[in-house]
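Chain by chain, the residues:
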Amino acid sequence: MGKIKTGLLVIVAGLFVFLSAGSVTAATVSAPSNPEQISLTAYPTLTQGELVAVLAKQEKISRKTARRRLFPGKYSPVDKATFAVIQGELRPGNQDAGSFYFYCRTSEGELFHGLKEILYVTYQSGTDTFIGVIDYMLLPDGPVHMTINGNAAARTTTKATQPKPVGPGQAGRVQIKAKRTTDFVTDVFIDRDYLF
C-alpha cells in the first residue's frame, strides 16, 4: 500500500484501486471479443503526482525515476491535467500471462473524456510470462487499437523495449523478450480497440 496526496493506492490481486474519502475509483471494461484472452480496467482521473506514485509502486522504483520515465526532459507539475492508467490482464486459455499498463494523459470535458497521449507502457509477468509484441495506436477519435501477438511461457525474467510517448494518430510498440529459454504454454493473439 502506498500513500498518495489525496488518498491511498492499494494493489489488490495485481489491480490498482485508488481509495479517496471512502470511495473506490476504477472502471472495468468488458472485452466483447475473446473475453477469455484479455480483461481491461481503467483507473481514471489521477493527478500527475498520483500517476508518478502508481508507476513508482508498480515498478518498485523511486518517484524521481518514475517522473523521468513518464515525463522525459524537464518535469513541471501540471495542476489541471488529468491522467489514467489502463491495465490489460492477459488470460489466454485461462492462464495468467501477466498484465500490461498504459500510463496516459487524458482530456476531460463535461460530457466527454478521452485519451490525449500514451506516456509510457510497462509489463509485469503473472504466473506465466508473455513473450512477444504489444502494438498499439492512439486513434484520432479516442480509442486505442492494440494488437498483442506472441505466446505465454513458463515464468521467466523478461526485458521490454521502452517506447516513446504516443499522441493521436501515432503508434507504438513494446517488444517483450525472455532473458532465458523457457517452456511454451499457449499462443496469444488479441486484436481489438479499447475506448476509454
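This text follows the structure it describes.
No experiment lies behind these values; they were computed from the predicted model shown.

Cut-off values and rules
Residues numbered from 1 in each chain as written. Predicted model: local features only at pLDDT ≥ 70, side-chain atom pairs only at ≥ 80, totals over all residues. Heavy atoms only, no water. Buried < 20%, exposed > 50% of the residue type's maximum accessible area, 1.4 Å probe, protein only. Helix = DSSP H or I, 4+ residues; strand = E, 2+ residues; numbered from the N terminus. Pairing = 2+ DSSP bridges. Axes fitted to C-alpha atoms, helices over the stretch in contact; angles between N-to-C directions. 1 Å grid on protein atoms, 1.4 Å probe; cavity = no way out; pocket = protein on both sides within 12 Å on 5 of 7 lines; lining within 4 Å. Points joined across faces, edges and corners; volume = space filled by probe spheres on them. Nonpolar A, V, L, I, M, F, W, Y, C, P; charged D, E, K, R; others polar. Core = buried A, V, L, I, M, F, W, Y, C linked by side-chain atoms within 4.5 Å. Phe/Tyr/Trp six-rings, centres within 6.5 Å; stacked < 30°, edge-to-face > 60°. Expected span 1.5 Å × (residues − 1). Contact = heavy atoms within 4.5 Å.

Caption draft 1: Expanded view of the pairing of strand β6 (residues 38-46). Of all nine residues in β6, seven are buried, a share of seventy percent or more. Sheet topology note: the β6/strand β7 (residues 82-90) ladder contains seven bridges and is antiparallel. Bridging across to β7, Leu40 finds its partner in Gly88.

Caption draft 2: Looking closely at the sheet that holds strand β12 (residues 158-160). Spatially, β12-β13-β10-β11-β14 is the arrangement adopted by the five strands of the open sheet, whose pairing is antiparallel. Every other strand in the sheet has two partners, leaving β12 and β14 (184-194) as the edge strands with one partner each. The mean inter-strand angle of the sheet, taken between neighbouring strand axes irrespective of direction, is 10°.

Caption draft 3: A look at the layout of surface pockets. Approximately 400 Å³ is the volume attributed to the largest pocket. Listing elements by their share of the lining of the largest pocket, those giving two or more residues are α1 (48-59), β9 (113-124) and β12. Ranked by residues supplied to the lining of the largest pocket, first place goes to β9 with five residues. Of the residues assigned to the lining of the largest pocket, the class counts are five nonpolar, nine polar and six charged.

Caption draft 4: Highlighting the nonpolar core. Core analysis: the biggest nonpolar cluster contains 29 residues, and Phe100, Phe102, Tyr136, Met146 and Ile148 have the highest contact counts within it. By size, the runner-up hydrophobic cluster in this structure holds 16 residues, among which are Val52, Val54, Leu70 and Leu119.

Caption draft 5: Geometry of the packing of aromatic side chains. Applying the stated rule across the entire model yields five aromatic pairs. Seen from their ring centres, Phe71 and Phe83 are 5.9 Å apart, and the 80° between their planes marks the pair as edge-to-face. Highlighted residues: Phe71 in the loop between α2 (63-70) and β7 and Phe83 in strand β7, separated in sequence by 12 residues. A single burial state applies to Phe71 and to Phe83, both of which are buried. Joined through ring pairs, the aromatic side chains of Phe100, Phe102 and Tyr136 make up one cluster.

Caption draft 6: A look at α1. Taking 1.5 Å of rise per residue, 12 residues should cover 16 Å, and α1 covers 17 Å from first to last C-alpha, within 8% of that figure. With nine of its 12 residues buried, α1 lies for the most part within the structure. Among all positions in α1, only Gln48, Glu50, Leu51, Val52, Ala53, Val54, Leu55, Ala56 and Gln58 are buried. Of the residues flanking the end of α1, it is Lys60, one or two places downstream, whose phi is positive at about 55°.

Caption draft 7: A look at the environment of Leu115. By the element assignment, Leu115 lies in strand β9. Spatially, the C-alpha atoms of Leu115 and Pro140 are 9.5 Å apart, while their sequence positions differ by 25 residues. Not counting the four nearest positions on each side in its chain, Leu115 is found in contact with Ile86, Cys104, Arg105, Thr106, Leu138, Gly142, Val144 and Phe196.

Keep in mind these values describe shape, not function.
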